[in-house]
Amino acid sequence: MGQVVNIFFINISIIYLVLSLTLYLMRHVLPVQVASPLAVRVWFGVAMGVAAVLLTVNSFSVGEARIDLRIIPLALAAAYAGPVGVAVTIGLTLLGRFGLDGMTDQFIRSLGTLGLFFVLSLVLNRLSLRRGHLYSAYLVFGAVLVLFRIAGNIPMHAFTNVFLPYFVITFFGGWMCYWVAKQIETHLRMFRLHTQRATVDELTGLPNRYLTLERLNDVEASGLPWALLVIDVDRFKQLNDTYGHRAGDAVLRRIGTTLRDHCPEAGFVGRYGGEEFVMVTEDTHDADQLAERLVRAVRETTYTFEGQPIPMTISVGVSIANAEPGTVVFERADAALYQAKADGRDQVKIG
């Protein structure tokens, strides 16, 4: 009995480890569900298949039966990723079993059992059930399949010493893994949400001041040449006073989109604060031409609010980094920006 419980404990630990690592690596595409992109469902199935293979390696035999908790990753794959996920998991499970035992009678019986499990996933996938209810159905059905598969092939005392703890640990461990998966998934989704709110400007969708400065520090530390463009929306206060703050927000969103569309791949643009934006590019030879293109793009873009056109322009100060601290480069670009403002706006100045 002690050895049985020990093996099952190892099984639960394997499932927990693989599940935790999988959800963390897939944190940017959570939640995993039947409606997720195909690649997401396939990769979740692969992860559960790897867990099933590891469980096969860490199983033990009673008579002709090999006992482990593979039903749990199968149920997780079916409940989270639907028929696609469970099909991938079943495929890897069979490959693992074939690699360990070869083409045996036990392997052929496993084909039938797993085939029935896949058919169940096709049937339940058509029903509008909560994921927890689906998971329960898969666990129960899987446990019943195991019971029928080994019935008559083992001595009666094995039910007391092996299969009683098997069914207890299957349901207890299965629900523990499901609960842990839900908690990890919720935690990672909330972490992603709070990270986005802390680093992304809510109005424009661009990096906010914090993330902009962080990226600026990374560029400075890289030792590569870079250029800084400090961009300010002309007469923005007048726009707010004339059309209202809602119009100002709409214009900032549109200008942010314009700047992002014209930002080179080897660079980034962020909202520094208010109506001021910052763009960094590694192409120092083309920095002044890039700034001119930005000024022209904003000038030639039609900005409207509630059907009313609003003419907008920007002023840009440019500074090329010459092995100075980033603060010095920023001050030089900022001084060039103020010079562009003083000289009539809607233009570029090099600092």
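Rules of the game
- Residues numbered from 1 in each chain as written.
- Predicted model: local features only at pLDDT ≥ 70, side-chain atom pairs only at ≥ 80, totals over all residues.
- Heavy atoms only, no water.
- Buried < 20%, exposed > 50% of the residue type's maximum accessible area, 1.4 Å probe, protein only.
- Helix = DSSP H or I, 4+ residues; strand = E, 2+ residues; numbered from the N terminus.
- Pairing = 2+ DSSP bridges.
- Axes fitted to C-alpha atoms, helices over the stretch in contact; angles between N-to-C directions.
- Left-handed = near helix turned anticlockwise from the far one by under 90°.
- Contact = heavy atoms within 4.5 Å.
- Nonpolar A, V, L, I, M, F, W, Y, C, P; charged D, E, K, R; others polar.
- Parallel < 35°, antiparallel > 145°, perpendicular 65-115°, else oblique.
- Salt bridge = Lys/Arg side-chain N within 4 Å of Asp/Glu carboxyl O.
- Expected span 1.5 Å × (residues − 1).
- Arc of directions from axis to C-beta.

**Quick notes on the pairing of strand 3 (residues 227-233)**
Residues in a regular strand point their side chains to alternate faces of the sheet.
Here is step 1: Extensive coverage of strand 3 is indicated by the burial of seven of its seven residues.
Here is step 2: Residues A227, L229, I231 and V233 of strand 3 are buried on one face, and the alternating residues L228, V230 and D232, pointing to the opposite face, are buried as well.
Here is step 3: Pairing analysis gives six bridges linking strand 3 to strand 5 (residues 276-281), with the strands arranged antiparallel. Along strand 5, the bridge assignment pairs I231 with F277.

**Some remarks on the packing of helix 9 (residues 245-262) against helix 10 (residues 287-300)**
Here is step 1: Taken N-terminus to C-terminus, the directions of helix 9 and helix 10 make an angle of 145°; their axes are 10 Å apart at the nearest point. In terms of crossing hand, the pair formed by helix 9 and helix 10 is right-handed. Here I255, T258, L259 and H262 of helix 9 lie close against helix 10, whose contacting residues are L290, L294, A297 and V298.
Here is step 2: Of the residues that constitute the contact of helix 9 with helix 10, the class distribution is six nonpolar, two polar and no charged.

**A word on the environment of A340**
Here is step 1: Its place among the elements puts A340 in helix 11 (residues 326-342).
Here is step 2: Not counting residues up to four positions away in its chain, the partners in contact with A340 are S315, V316, R345, Q347 and K349.

**With respect to the packing of helix 8 (residues 236-243) against helix 9**
Here is step 1: Look at helix 8 against helix 9: their axes get within 7 Å of each other, and the N-to-C directions meet at 135°. Taken as axis vectors, helix 8 and helix 9 run oblique relative to one another. Counting all contacts with helix 8, which are made through F236, L239, N240 and Y243, the residues of helix 9 involved are H245, A247, G248, V251 and L252.
Here is step 2: Per-class residue counts for the contact of helix 8 with helix 9 are six nonpolar, three polar and no charged.

**Concerning the pattern of salt bridges**
When the charged atoms of two side chains with opposite charge come close together, those side chains can pair.
Here is step 1: Counted under the stated rule, the structure contains ten salt bridges.
Here is step 2: The partner of R332 in a salt bridge is E324, and the shortest N-O contact between them spans 2.9 Å.
Here is step 3: On the accessibility criterion, R332 (23% relative accessible area) is partly exposed.
Here is step 4: Between K349 and D343 there is a salt bridge, and its shortest N-O distance comes to 3.1 Å.
Here is step 5: For D343, a relative accessible area of 40% corresponds to the partly exposed category.
Here is step 6: Each member of the salt-bridge network shares a partner with another, and the members are D232, D234 and K341.

**Structural notes on helix 10**
Here is step 1: Taking 1.5 Å per residue, 14 residues should reach 20 Å; helix 10 reaches 20 Å between its end C-alpha atoms and fits that length.
Here is step 2: Residues of helix 10 that are buried: A287, L290, A291, L294, V295, A297 and V298. Projected onto a plane normal to the axis of helix 10, the buried residues spread over an arc of 165° and lie on a single side.
Here is step 3: Elements that come into contact with the buried residues of helix 10 comprise strand 3, helix 9, strand 5, strand 6 (303-305), strand 8 (314-320) and strand 9 (348-350).

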